[in-house]
Amino acid sequence: MTMPEGLERVLPELVGRDMLDALVIRTDFSDEESWTAVVGELRRPWGPDGEFPARVQVVDAPNWSGAIADEVLAAVDDDEYLSVVFVADRHTMQSPTRALLALSTVWEDEGDLDPVYYQELVESPEPREFRAAPAAVHSVHVNVTLGNMGFAEFATAASAEPDQVLRPV
């Protein structure tokens, strides 16, 4: 869905998310059965032995229908504690793994960067997205939020998989 030139989509404000809640936004409404399966997987306890409760804020509002990555990132930009957002898009609904799009919300302010570091970023930019199975969402969110691992580490792990989808370790 494209917006007419000169018009911007106004997406609803996201409120009430706890810092440790993974944020999952549904942007495709074509397959209710797939969506129900995604939500079911997201609500399962996670961790090596399922010892951690699922903490997720699911946004299931038709206003988000067809929103693209840049629109989602713009809409969540004010959440200073959000490092990664997950999107349930058309690919998610059609994929056998129901892989969500993980988007990094963190970027460098290029104006204050050392020129050498800036050149390194230009030549080898950090990954901004990858696909993750619903069962991997919590691990990615918590580890990136707490700084245990970087978004790029998860993106690299996903890219090493034959189908480019990160699964729980």
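In this report, we go over the structure that sits alongside the text.

Analysis parameters
- Residues numbered from 1 in each chain as written.
- Predicted model: local features only at pLDDT ≥ 70, side-chain atom pairs only at ≥ 80, totals over all residues.
- Heavy atoms only, no water.
- Helix = DSSP H or I, 4+ residues; strand = E, 2+ residues; numbered from the N terminus.
- Contact = heavy atoms within 4.5 Å.
- Areas by Shrake-Rupley, 256 points an atom, 1.4 Å probe, with all protein chains shown as cover.
- Core = buried A, V, L, I, M, F, W, Y, C linked by side-chain atoms within 4.5 Å.
- Buried < 20%, exposed > 50% of the residue type's maximum accessible area, 1.4 Å probe, protein only.
- Polar contact = N/O pair within 3.5 Å; in protein donor to acceptor, adjacent residues only side chain to side chain.
- Phe/Tyr/Trp six-rings, centres within 6.5 Å; stacked < 30°, edge-to-face > 60°.
- 1 Å grid on protein atoms, 1.4 Å probe; cavity = no way out; pocket = protein on both sides within 12 Å on 5 of 7 lines; lining within 4 Å.
- Points joined across faces, edges and corners; volume = space filled by probe spheres on them.

Focus: the overall build of the protein
At step 1: Along its length, the protein carries 6 helices and 6 strands.
At step 2: In the protein, the order of α-helices and β-strands from amino to carboxyl end is β-α-β-α-β-α-β-α-β-α-α-β.
At step 3: At a minimum sequence separation of 6, the contacts of the protein that also span at least 24 residues come to 71%.
At step 4: Of the roughly 9800 Å² of accessible surface on the protein, a fraction of 51% belongs to carbon and sulfur atoms.

A look at the nonpolar core
At step 1: Within the largest apolar cluster, 24 residues are counted, with the highest numbers of intra-cluster contacts made by V24, F86, L100, F130, V140 and L166.
At step 2: Contacts of L100, omitting those with residues within four sequence positions, involve V24, V38, L42, F86, V87, A88, T92, F130, R131, A132, P134 and V137.
At step 3: Grouped together as the second largest cluster of nonpolar side chains are 15 residues, L23, V76, V87 and L103 included.

Thoughts on the side chain of D28
At step 1: Tracing the chain through its elements places D28 in the loop between strand 1 (22-26) and helix 1 (32-42).
At step 2: Reaching out from D28, the side chain makes a polar contact with the side chain of S30 at a distance of 2.5 Å.
At step 3: In this view, D28 contacts A88, D89, R90 and M93; residues no more than four positions away in its chain are not counted.

Regarding the packing of aromatic side chains
At step 1: In this structure the tally under the stated criterion is 2 aromatic pairs.
At step 2: Between the aromatic rings of W46 and F52, the centroid separation amounts to 4.8 Å while the plane-to-plane angle is 40°, which identifies the pairing as tilted.
At step 3: Accessibility expressed as a relative area gives 16% for W46, which makes it buried.
At step 4: Assessed through its relative accessible area of 37%, F52 is described here as partly exposed.
At step 5: Between F130 and F151 the ring centres are 5.0 Å apart and the planes differ by 50°, which places this aromatic pair in the tilted class. Taken together, the residues F130 in strand 5 (residues 129-132) and F151 in helix 6 (residues 151-159) connect sequence positions 21 residues apart.

A look at the layout of surface pockets
At step 1: Estimated volume of the second largest pocket: approximately 280 Å³.
At step 2: At 3 residues, the largest contribution of residues to the lining of the second largest pocket is made by helix 5 (residues 137-146).

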